[in-house]
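# A look at the structure
This is what each chain is made of:
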Amino acid sequence: MNERYDFKAIEQKWQKRWQEEEPDRVPDAPTGKKYYVLEMFPYPSGRIHMGHVRNYTIGDVIARYKRMRGYEVLHPMGWDAFGLPAENAAMQHGVHPVVWTHDNIDHMRTQLKAMGLSYDWQRELATCDPAYYRWEQQLFLRMLEQGLAYRRETTVNWCEDCQTVLAREQVIEGACWRCDQPVLPRLMAGWFFNITRYAEELLRDLDTLSGWPERVLAMQRNWIGKSTGLACDFQVENSEEQITIFTTRPDTIFGVTFMSLAVEHPLLKSLSKGLPQHEAVQAFIQETIIAKQRASLEQETEKRGVFTGRYCINPYNGERVPIYAANFVLMEYGTGAVMAVPAHDQRDFEFARAYDLPVRVVVQPEGENLQAETMQEASIGPGLLVNSGSFTGMESEAAQQLIINHAEQQGFGRSHITYKLRDWGVSRQRYWGAPIPVVHCAHCGIVPVPEEELPVLLPGTGTAPGTHQPLHQQEDFLAVQCPACGQPARRESDTFDTFVESSWYFIRYTSPGHDTGLVDKAAAASWLPVDQYIGGVEHAILHLLYSRFFTKMLRDLGYIGVDEPFTNLLTQGMVLKDGFKMSKSKGNVEDPSTLIEQYGADTVRLFSLFAAPPERDLDWNPQGVEGASRFLARVYRLIALNLGCFADNSPISPENLDPDSRQVYRKTHQTIRRVSDSIESNFHFNTAIAGVMELVNTIGSPEEAGRCDAAVLRQSLETVLMLLFPMVPHFCEELWEASGHGQRLAQTAWPQYSAEAAREEELTIVVQVNGKLRAKLQVPEDTDDDTLKKLALQDEKIIQFLAGAQAKKIIVVRKKLVNIVL
RNA sequence: GCGAGAGUGGCGAAAUUGGCAAACGCACCAGACUUAGGAUCUGGCGGUGCACAACCUUGGGGGUUCGAGUCCCCCCUCUCGCACCA
């Protein structure tokens, strides 16, 4: 055995073996207890970064640990391969996205393999592969049949220069993030997924996700944004038209003094026709729409509006209510029309004060006497209803339901629920994505591509890659015969948002080679759900919500049998350097490959686990890496210098051990317990490693460890290797082999501890006087309470301290302390 | 503004969930070995005191308790998410 810890030779040796032996392959049908652990798959940007290292190390430790615990573990890896950066790189470097992407995948796969990650590489998939996206296209046809996918017109952010729609995040102060040209609103047709059909279930089932961080659950709840209240129709005066409003405060409806419409409200254009106000209203609409484009960053814009010249009738009291157009009303939420109650809503209050509109108090908070004229801000709390017709005198919260009931009896309103969640717009005008499989026919309208013609291949991606123009510019692709009538027609030129692919890849992993459908149902049934999912919190809403939606939809379409995709979610913290997120512009990037080259994968893994618990941010400290490296070198020497103990196969006889050996024996079993607990309870690998370090310290320096009883030493060293194996697999496997073990460590069961062996024989009992530490007692483990009390009172220091005073009370906590209260 | 989380030595962090605050590591200091040390080993290392003793110390202030980093109330600071959501 080499004297020095030669990580390079060791890691190469074991990676080669793993490549040949594929110890981590699992079948589609597990025979024993299954465990599915998954890390969020990477976008193939070119090189892995420290965030990947941390994410995949955490997942790998869990996978390896669970295998040692006897589970059959599904642990796959793949590539989220479609997306914008590949297309940009293609433009910049004159290389086709398919080439760029596959080159990146090849490089990153090599990097991941150099980390010693225990994936079932047979299951590797890339979402840009037609063998993957064809099933997405097939699923889309199902969704179309079910009304879960539909096409509609909507306003989008359009960059004329780039000829494409931009996501909201890509609009920087009203301009395109790439070319800095102004972004214009544009009415465009696009495809949507009907995620709102699942809004209620997506919300409700959050309560079942006890293995998710509260933070993520809260973000999703917030995003879905359920509100219950009253939808109520206000008749427009001298008109057949009605305006329906939504309110969560029906108890304030007698305080309505005007009505506010969003500038996009369909009624607004015609409402003021023929009135002197018409011109002003149209101008206001124009001006506000433009201002809204610009205002995405600013908050709290001034409340502005304009009177339409028309009135509507509050059905509760028959009052005439002036109708305003207002800049703060959202068309996207509720009905785009708001009943304004300035006394009890801050926005309405500001608007009323600005335009000198009446304020009427209808909820009087307990112990106050609100006067409309002197109010400085809206009063939004509960109270007793006043000026509220037959509801006057009621408690406001209790009155809400009665007021809704009244509307339902009279037929002008109803109980209503609204959500902030909107349907998911999946159309992208980009090239590098999965084509949406429909045809537009002048005669037949939208015609699905027949299933047997799938996949609709992304053109230009064959063995000799061709053009990567956006599809709407590729005439060869667009021209097609209508599948229904055979006449010339046009293919859909939009591609899917890449979040569509990542919404079901974890399902595909259960049978990645399956070629007759999206998933092999039996394989999916055996492996789903994912038991442990690991990734960055930045996906808390989009990816995780979409994946939950897909899971429920695929369940309803009969593909899978689970309600939720991810039973447990671990959101790992960011990797920082000097307190900042690593970024090229800050120049504080640590390159994983360089580090692995320099220290070895095991050291890098060990440090990333040891420096912080997984959910917390990790500050990358180069000196800390040295520490991790030093520890492994020490363990290496410890074993290299004490190989002799492995020759001894005699059992341990605890009763005959010298005190030092006894101590090592006990510490070994305590450490097994501690490390197991650290991993089981919350994956706190940092304390697990600290535990092993303590054990190594107890065993002693490599040179003097040989003084320990050989059988005990053997057991301790074996334990160290078994406990460290999930974290530093090459290292442990090498030392396991070098110390004469025939079977691979990976196939060895996680060690069991003996409670008897772990039991301390002597305890340190703390003696307190009035809760302050005054003395310590060394006593046999089985000392009873009365003896403890006696010993405490006999202690010299305690006698000094008491100075003859009488104890009022003495509290004894078993195995811990005695507290003497004076 | 709403929601979630966090605040402990010079630094990263522990604390069996109400029982010795600072485990483990980094940095630092001293010593040993050495031609040498950025290797290794031994010891020290929250603060005020001379090294004893004692006192102080988990963002701040109150409280519950024999006993509080941990539980309760008020406040401060920071991070993240949402944000004119009627």
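Above this text is the structure in question.
Residues numbered from 1 in each chain as written. Chains lettered and ligands numbered in written order. Predicted model: local features only at pLDDT ≥ 70, side-chain atom pairs only at ≥ 80, totals over all residues. Heavy atoms only, no water.

## Remarks on the overall build of chain A
For the record, the criterion: A helix here means a DSSP run of H or I that spans at least four residues, while a strand means a run of E at least two residues long, and both kinds are numbered starting from the N terminus. We call two residues contacting when some pair of their heavy atoms lies within 4.5 Å. Residue-level accessible areas treat just the shown protein chains as cover; the underlying method is Shrake-Rupley with a 1.4 Å probe. Note that His is not counted, nor are the chain ends; the positive residues are Lys and Arg, and the negative ones are Asp and Glu. To locate a charge, the coordinates of NZ of Lys, CZ of Arg, CG of Asp or CD of Glu are taken.
When helices and strands are counted, chain A shows 26 helices and 34 strands. With the C-alpha coordinates of chain A rotated into their principal frame, the extents come out at 105 × 90 × 50 Å. The long-range fraction of contacts in chain A, counting pairs at least 24 apart against all pairs at least 6 apart in sequence, stands at 71%. With the model as given, the accessible surface of chain A reaches about 37100 Å², and the carbon-plus-sulfur share is 49%. Averaged over its 82 positive side-chain charges, chain A has a centre that lies 3 Å from the centre of its 106 negative ones.

## Re the protein's contact with RNA strand B
Stated formally: A cutoff of 4 Å decides nearness: a residue is near a molecule or strand if any of its heavy atoms lies inside that distance of it. Residues adjacent in sequence count toward polar contacts only when both atoms are side-chain atoms; beyond that, a polar contact is any pair of N or O atoms within 3.5 Å, and within protein one must be able to donate a hydrogen and the other to accept it.
Residues in close proximity to RNA strand B total 52 residues, the closest being Thr248, Thr301, Arg347, Ala611 and Asn819. Near-protein atoms of RNA strand B (within 4 Å) split between backbone and bases, with sugar and phosphate holding 64%. Between RNA strand B and Arg630 there is a distance of 2.8 Å, counted from a phosphate oxygen to a side-chain nitrogen or oxygen. Here a base oxygen of RNA strand B sits 2.4 Å away from a polar atom, N or O, in the side chain of Asn819. Within the residue set of the surface near RNA strand B, elements represented by two or more residues are helix 7 (214–224), strand 11 (242–247), helix 19 (622–640), helix 21 (685–699), strand 31 (762–769), strand 32 (772–780), strand 33 (809–813) and strand 34 (817–821).

## What to know about the pairing of strand 12 (residues 258–261)
Consecutive side chains along a regular strand alternate between the two faces of the sheet. Rule in force here: Whether a residue is buried, partly exposed or exposed follows from its accessible area with a 1.4 Å probe, protein chains only, as a fraction of its type maximum: under 20%, in between, or over 50%, in that order. Only strands joined by at least two bridges in the DSSP assignment are considered to pair.
Of the two faces of strand 12, both are covered, the one formed by Phe258 and Ser260 as well as the one formed by Met259 and Leu261. Bridging between strand 12 and strand 15 (residues 337–340) involves four bridges; their strand directions are antiparallel. Counted as the bridge partner of Ser260 is Val338 from strand 15. The sheet contact formed by strand 12 and strand 14 (residues 320–326) spans three bridges and is parallel. Looking at strand 14, one finds that Leu261 is bridged to Ala325.

## Some thoughts on helix 4 (residues 97–113)
Think of an α-helix as turning once every 3.6 residues; residues three or four places apart then point the same way. Heads up, the rule is: A helix's residues, less one, multiplied by 1.5 Å, set its expected span. As used here, the arc is the angular range of directions from the helix axis to the C-beta atoms.
Given a rise of 1.5 Å per residue, 17 residues ought to cover 24 Å, and the 24 Å separating the end C-alpha atoms of helix 4 matches this to within 8%. Three or more residues of helix 4 are buried, namely Pro97, Val98, Trp100, Thr101, Asn104, Ile105, Met108, Gln111 and Leu112. Down the axis of helix 4, the smallest arc covering the buried residues is 155°, so these residues share one side. In this structure, the buried residues of helix 4 make contact with helix 2 (50–68), strand 3 (78–79), helix 3 (84–93), strand 4 (125–126) and helix 17 (592–599).

## Observations regarding the environment of Ala688
Tracing the sequence through the fold places Ala688 in helix 21. Sequence separation between Ala688 and Leu723 is 35 residues, and the spatial gap between their C-alpha atoms is 8.6 Å. If sequence neighbours within four positions are ignored, Ala688 has contacts with Val675, Ser678, Ile679 and Met727.

## Quick notes on the packing of aromatic side chains
What counts here: Working definition: a ring pair exists when centres of Phe, Tyr or Trp rings (six-membered ring for Trp) sit within 6.5 Å. Plane angles under 30 degrees give stacked, over 60 give edge-to-face, the rest tilted.
Applying the stated rule across the entire model yields 41 aromatic pairs. Pairing Phe258 with Phe351 gives two aromatic rings, centres 5.3 Å apart and planes at 25°, and the pair type is stacked. Placement of the pair is Phe258 in strand 12 and Phe351 in helix 10 (residues 346–355), with a sequence separation of 93 residues. Each member of the pair, Phe258 together with Phe351, is buried. The structure contains a cluster of three or more aromatic residues connected by ring pairs, namely Phe140, Trp191, Phe193, Tyr198, Trp424, Phe496, Phe499, Tyr546, Phe549 and Phe550.

## Notes on the nonpolar core
Quick reminder of the rule: For the purposes of this section, nonpolar cores are sets of buried Ala, Val, Leu, Ile, Met, Phe, Trp, Tyr and Cys residues that join through side-chain atoms within 4.5 Å.
Residues Phe193 and Trp620 are the most contacted members of the largest nonpolar core, which totals 172 residues. Setting aside residues up to four positions removed in sequence, Phe193 forms contacts with Phe140, Met143, Leu148, Ala149, Asp423, Trp424, Val426, Phe496, Val500, Phe549 and Phe550. In this structure, Phe254, Phe284, Tyr316 and Ala407 belong to the second largest nonpolar core, which totals 36 residues.

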